[in-house]
Amino acid sequence: MQFSEQWLRTFVNPSLDSDELANALTMAGLEVEAIESVAAPIGQDILDNLALDDKLFTLKLTPNRSDCLSVMGIAREVAAITGAALNLPKIEAVPTKTGVFKNVEIEEKQACPRYCGRVVTNINATAKTPDWMVRHLECSGLRSISAIVDITNYVLMEIGQPLHAFDAAKLKGDIRVRMAEPGEKLELLNQQTAELDADMLVIADDSGAVALAGIMGGASGAVSNATIDIFLESAFFTPDIIASKARRFGFSTDSSYRFERGVDYGNTRLALERVTKLIQEICGGDAGAITEVLGKLPERQP
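Here we summarise the structure given alongside this text. Just so you know, the residues in each chain are numbered from 1, in the order the chain's sequence is written. Per-residue local features of the predicted model are confined to residues with pLDDT of at least 70, and side-chain atom pairs are confined, for both listing and counting, to 80 or more; whole-chain, interface and lining totals are unaffected and use all residues. Where side-chain values are given, they derive from all heavy atoms of the structure, hydrogens and water being excluded.

### Points about the packing of helix α6 (residues 147–159) against helix α9 (residues 268–283)
Remark: α6 packs on α9, axes separated minimally by 10 Å, with the N-to-C direction vectors making an angle of 140°. In terms of axis orientation, α6 runs oblique to α9. For the pair α6 and α9, the sense of crossing is right-handed. Along the contact surface, α6 presents Ala147, Ile148, Ile151, Thr152, Tyr154, Val155, Glu158 and Ile159, while α9 presents Ala271, Arg274, Val275, Leu278, Ile279, Ile282 and Cys283. Among the residues making up the contact of α6 with α9, the classes are represented as 12 nonpolar, 1 polar and 2 charged. Axes here mean lines fitted to C-alpha atoms, for a helix over just the part in contact, with angles spanning 0 to 180 degrees between N-to-C directions. Counting from the N terminus, the helices are DSSP H or I runs at least four residues long and the strands are E runs at least two residues long. Relative orientations are named as follows: roughly parallel for angles under 35 degrees, roughly antiparallel for angles over 145 degrees, roughly perpendicular for angles from 65 to 115 degrees, and oblique for any other angle. Handedness of a helix crossing follows the sense of rotation of the near helix relative to the far helix, less than a right angle counterclockwise being left-handed and clockwise being right-handed. Contact criterion: two residues are considered in contact whenever any of their non-hydrogen atoms come within 4.5 Å of each other. Gly counts as polar in this scheme, as do all residues outside two lists: the nonpolar Ala, Val, Leu, Ile, Met, Phe, Trp, Tyr, Cys and Pro, and the charged Asp, Glu, Lys and Arg.

Right under this line is the structure:
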């Protein structure tokens, strides 16, 4: 897990310098593997460079600490370790301004016991990602792609909840969460064609699989500069259904890495509200109501 110290300190700012903070985290069991000074290019304006006066922390996390696979999660830990005040952003429900929605059917509620989806219409997909967001993403090891993708990645790193945006116009009918059918194939966003096994969970529409659940979206539903309406997905997939599936195709993703270790299903709807709000601030758009399907969620003892 790599993150910007400046970003962390917007949530919790203990009276420790970088080295002292690193030592406190390591002593608490969150090993700080590296601290690096922040990529200033020769010739860059000094005012721009000042914004990069930051340090990158890299944590070596054990598999049971999936709660620290986000900046907010690390901030909670720092607050507990140091006693510093925790100042997390207040996330409120986005007002509904359109009646557009998609029905969602979950065939495998044990594998996907919580699914939230929402249509956002009339967005500007060519909007520029703000510089502050690009910097946070780059400090987390992610490159800027487009505003919609960047915003979903930002919320992933901020809260720890993987999200996906589909071009709503490319989806045929409603959404189904089901197991892959015999012989089913899916062209992924990385241009790899995946031959799906029967134990793989997929997101599908009337035309077939459009995403490999919890791992990667399909090329057929990808957002582009021409996208006007999007369908946002925020779901909880159980670790067992995601574990090892991406590795069968020779890769891992930020989403699969988190779902394999356990994502907090308490953040599923919260993250959808957060990503909707950021999309509206950067790309505009009108939000529809959230479609939510609930099954039996895993019990977690306090």
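### Quick notes on the nonpolar core
Residues belong to one nonpolar core when they are buried, are Ala, Val, Leu, Ile, Met, Phe, Trp, Tyr or Cys, and are joined through side-chain atoms within 4.5 Å. Only protein chains enter the calculation, and the probe is 1.4 Å; a residue is then buried if its accessible area is under 20% of its type maximum, exposed if over 50%, and partly exposed in between. By size, the foremost hydrophobic cluster in this structure holds 51 residues, and its most contacted members are Met1, Leu8, Leu25, Ile74, Ile279 and Cys283. When residues in this core are grouped by element, the largest group, 8 residues, is from α6. Look past the residues within four positions of Ile74 in its chain and what remains in contact with it is Met1, Phe3, Leu8, Leu25, Leu59 and Cys68. Ranked by size, the runner-up nonpolar core spans 37 residues in total, among them Val104, Cys112, Val177 and Val293.

### With respect to the sheet that holds strand β7 (residues 175–179)
We treat two strands as partners when DSSP finds at least two bridges between them. Taken together, the 5 strands give an open sheet; going across it, the order is β4-β7-β10-β11-β12, and neighbouring strands pair in mixed fashion. The outermost strands of the open sheet, each flanked by one partner alone, are β4 (104–106) and β12 (216–217).

### Here's the deal with the pattern of salt bridges
For salt bridges, the criterion is a side-chain nitrogen of Lys or Arg within 4 Å of an Asp or Glu carboxyl oxygen. Under the definition given, this model contains 19 salt bridges. Notably, a salt bridge pairs Asp197 with Arg248, separated by 2.8 Å at the nearest N-O pair. Highlighted residues: Asp197 in the loop between β9 (193–195) and β10 (201–205) and Arg248 in the loop between α7 (239–242) and α8 (254–261), separated in sequence by 51 residues. Overlapping salt bridges bring together Arg65, Asp67 and Glu77 as one network.

### Thoughts on the packing of aromatic side chains
Only rings of Phe, Tyr and Trp enter the pairing, Trp through its six-membered ring, and a pair is recorded when the two centres are within 6.5 Å. The plane angle decides the type: under 30 degrees is stacked, over 60 is edge-to-face, the rest tilted. Under the definition given, this model contains 7 aromatic pairs. On the basis of an interplanar angle of 35° and a centroid distance of 6.3 Å, the ring pair of Phe166 and Phe231 is categorised as tilted. One end of the pair, Phe166, is in strand β6 (residues 163–167); the other, Phe231, is in strand β13 (residues 230–236), with 65 residues separating them in the sequence. Each of the two residues, Phe166 as well as Phe231, counts as buried. With centroids separated by 6.3 Å and ring planes inclined at 20°, the aromatic side chains of Phe249 and Phe251 adopt a geometry described as stacked. Taken together, the ring pairs in this structure connect Trp7, Trp132 and Tyr154 into an aromatic cluster.

### Re the sheet that holds strand β1 (residues 2–4)
Pairing in this open sheet of 3 strands is antiparallel, and the strands run β1-β3-β2 from one edge to the other. Each edge of the open sheet is held by one strand with a lone partner, namely β1 and β2 (31–37). On average, adjacent strands in this sheet sit at an angle of 25° to one another, irrespective of strand direction. Pairing geometry for β1 and strand β3 (residues 55–60), over 3 bridges, is antiparallel. Counterpart to Ser4 in the pairing with β3 is Leu56. Running over the sheet, helix α2 (residues 18–27) touches β2 and β3 and is turned about 160° from β2. In the packing of helix α5 (residues 131–139) onto the sheet, the strands contacted are β1 and β3, and the crossing angle to β1 comes to about 145°.

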